[in-house]
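# Breakdown of the fold
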Amino acid sequence: MARQPIFDKELRVVAYELLYRSDDEKQMANVFNGHHATSNVLVNAYTSIIANQERRQLPAFLNLPREMFEADSLPSMSHRQLVIEVLEDVKVDDTLIDSVKRYKSAGYRIALDDFVYSPEYDRLLELADIVKVDILALGMPEVRYTVRQLKRFPLALLAEKIETYEQLRECIDLGFKLFQGYFLRRPEIVEGRRLESNESILLQLLAELNAPEPDTDTLVRLISQDPSLTYRLLKIVNSAALSRQRHIESIQEALVILGLAEIRKWISLIALSGQNKKPSELVRETLTLAKMCELVAVAQNNPEVTPNSAFLCGLLNRLDAILDIEQERLLHQIAVSEQIICAVHDRKGPLGNLLKLVCAHYDGHWGELKISDQPLYQRCMLESLEWVNDTMSQLDSTG
């Protein structure tokens with residue numbers, strides 16, 4: 001299971017598409033069929049986010065093969081939780097229409113995936129709530145034709161495979177309401193931008209915290225250069241989440257109380273949370289990857305891959321997009337080891353291989369992993385999602 005965010009035109013995450021891939025479609029059915037509790041756990045885990053310190057559920061888009069439509073094997077769930085996707089290769093006949101009507105009458109919304117217009121789909125379009133258009137596969141002239149045909153039906157349009165800002169703007173102008181794609185997950189890089197002073201301090205802190213033997217005096221000096229950071233760390237020490245209520249007289253005392261492991265994670269969170277111009281989904285994704293790398297490293301216990309280094313690799317993997325700076329420039333502005341640079345930039349070495357596999361699992365490319373490793377990566381991803389939700393909620397309370 002993996003998830004891909006769906007955005008509105010304000011770049012807010014409004015839903016997730018759940019991806020489950022198997023060579024055997026019946027195996028997918030077995031995940032859901034008759035297992036109401038298990039299904040709800042899966043949906044909740046993959047569609048929950050923290051907003052304004054409260055956990056909330058976002059709708060999940062789920063592909064159903066024709067066999068599942070006809071077998072009525074999806075367990076009963078809240079219709080607000082699921083949007084049922086009809087795959088692009090299904091044959092439109094009376095059996096399919098009757099099956100879609102059954103789900104529609106139960107309150108589920110219906111989406112048509114990778115849609116290419118043909119008059120034979122008109123009966124299905126009359127039932128659909130959302131149509132997903134792959135703009136990369138069709139090309140913009142065909143997309144414009146498709147939009148004209150779909151204006152006859154009362155439905156919302158979702159643009160898939162958005163890869164550039166220009167494509168996003170044109171799709172908005174054409175009337176699309178929902179958007180997916182690489183550009184939205186990894187926002188446009190502003191070439192050559194220099195880091196602001198507070199960003200530079202945060203990155204220097206991350207580098208020092210992930211050194212083999214971090215120097216406390218260096219950490220205190222760096223933190224002292226950023227009053228806002230100092231304030232937030234002191235609030236974290238006294239936060240209800242950590243069950244501490246005591247007066248802190250120095251930054252050094254705060255470091256001792258929290259410990260280097262906790263300081264490392266909080267600095268990472270603060271470094272990401274300050275970039276308000278980026279969609280929060282990118283922050284969640286970056287933190288989830290970092291935590292996944294750490295958890296997999298712990299589980300595999302490879303002496304060449306420490307959990308701290310794995311966490312930093314996951315963090316740096318997409319931090320360039322959040323800070324709007326080229327990755328190569330970013331890696332050379334902070335004092336990280338050559339091993340980490342090779343892992344992040346070139347996917348080389350044991351760390352690079354770990355990062356490559358974690359990203360493959362997160363993005364749904366499970367074929368790149370050994371079948372025997374997939375349960376471990378799946379467990380680590382679920383634990384990472386929970387950790388990100390909980391820690392972002394704590395961080396919000398200190399802002």
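In this text, all values refer to a predicted model and were calculated from it rather than measured experimentally.

### A word on the pairing of strand S8 (residues 130–134)
S8 sits mainly inside the fold: 5 of its 5 residues count as buried. Residues Ile 130, Lys 132 and Asp 134 point to one face of S8 and Val 131 and Val 133 to the other, with burial holding for every one of them.

### Concerning the nonpolar core
Core analysis: the biggest nonpolar cluster contains 62 residues, and Leu 205, Leu 229, Leu 233, Ile 267, Leu 354, Val 358 and Tyr 377 have the highest contact counts within it. Both domain 2 (199–275) and domain 3 (278–398) contribute no fewer than three residues apiece to this core. Leave out the neighbours within four places in its chain, and Leu 233 touches Ile 223, Ile 263, Ile 267 and Ile 270.

### A short note on the environment of Tyr 16
Among the structural elements, Tyr 16 can be located in strand S2 (residues 13–19). The sequence separation of Tyr 16 and Ile 6 amounts to 10 residues, and the corresponding C-alpha distance is 5.4 Å.

### Comments concerning the pattern of salt bridges
One pass over the full model with this rule turns up 13 salt bridges. Between Asp 8 and Arg 12 there is a salt bridge, with its nearest N and O atoms 2.8 Å apart. Across the pair Lys 291 and Glu 294 runs a salt bridge, and its minimum N-O distance is 2.8 Å. In this pair, Lys 291 and Glu 294 are both assigned in helix H14 (residues 280–300), 3 residues apart and thus about one turn of the helix distant. Of the two residues, Lys 291 and Glu 294, both sit in the buried class.

### Quick word on the confidence of the model for the protein chain
Per-residue pLDDT for the protein chain averages 76, and the proportion of residues at 70 or more is 71%. Here residues 22–31 scores under 50 on pLDDT; set against residues more than four positions off or in separate chains, the count is 16 contacts. Under a pLDDT of 50 for its full length, residues 187–197 has, in the predicted model, 28 contacts with residues more than four places off or in other chains.

### As for the packing of helix H17 (residues 338–346) against helix H18 (residues 349–362)
In a pair of packed helices, the angle between the axes and the distance between the axes together describe the arrangement. At a closest axis distance of 8 Å, the pairing of H17 and H18 adopts a crossing angle of 30 degrees. As H17 packs across H18, the resulting crossing turns out to be right-handed. The segment H17 lies against H18, with Gln 339, Ile 340, Ala 343 and Val 344 engaging Leu 351, Gly 352 and Leu 355. Its residues placed into classes, the contact of H17 with H18 shows 5 nonpolar, 2 polar and no charged.

### Some words on unusual backbone geometry
The backbone of Asp 114 shows a phi angle near 45 degrees, a positive value even though the residue is not glycine. Taking the relative accessible area as the measure of exposure, Asp 114 reaches 25% and is therefore partly exposed.

Basis of the calculations
Residues numbered from 1 in each chain as written. Predicted model: local features only at pLDDT ≥ 70, side-chain atom pairs only at ≥ 80, totals over all residues. Heavy atoms only, no water. Buried < 20%, exposed > 50% of the residue type's maximum accessible area, 1.4 Å probe, protein only. Helix = DSSP H or I, 4+ residues; strand = E, 2+ residues; numbered from the N terminus. Core = buried A, V, L, I, M, F, W, Y, C linked by side-chain atoms within 4.5 Å. Domains from an automatic or database assignment. Contact = heavy atoms within 4.5 Å. Salt bridge = Lys/Arg side-chain N within 4 Å of Asp/Glu carboxyl O. pLDDT = per-residue confidence, 0-100. Axes fitted to C-alpha atoms, helices over the stretch in contact; angles between N-to-C directions. Left-handed = near helix turned anticlockwise from the far one by under 90°. Nonpolar A, V, L, I, M, F, W, Y, C, P; charged D, E, K, R; others polar.

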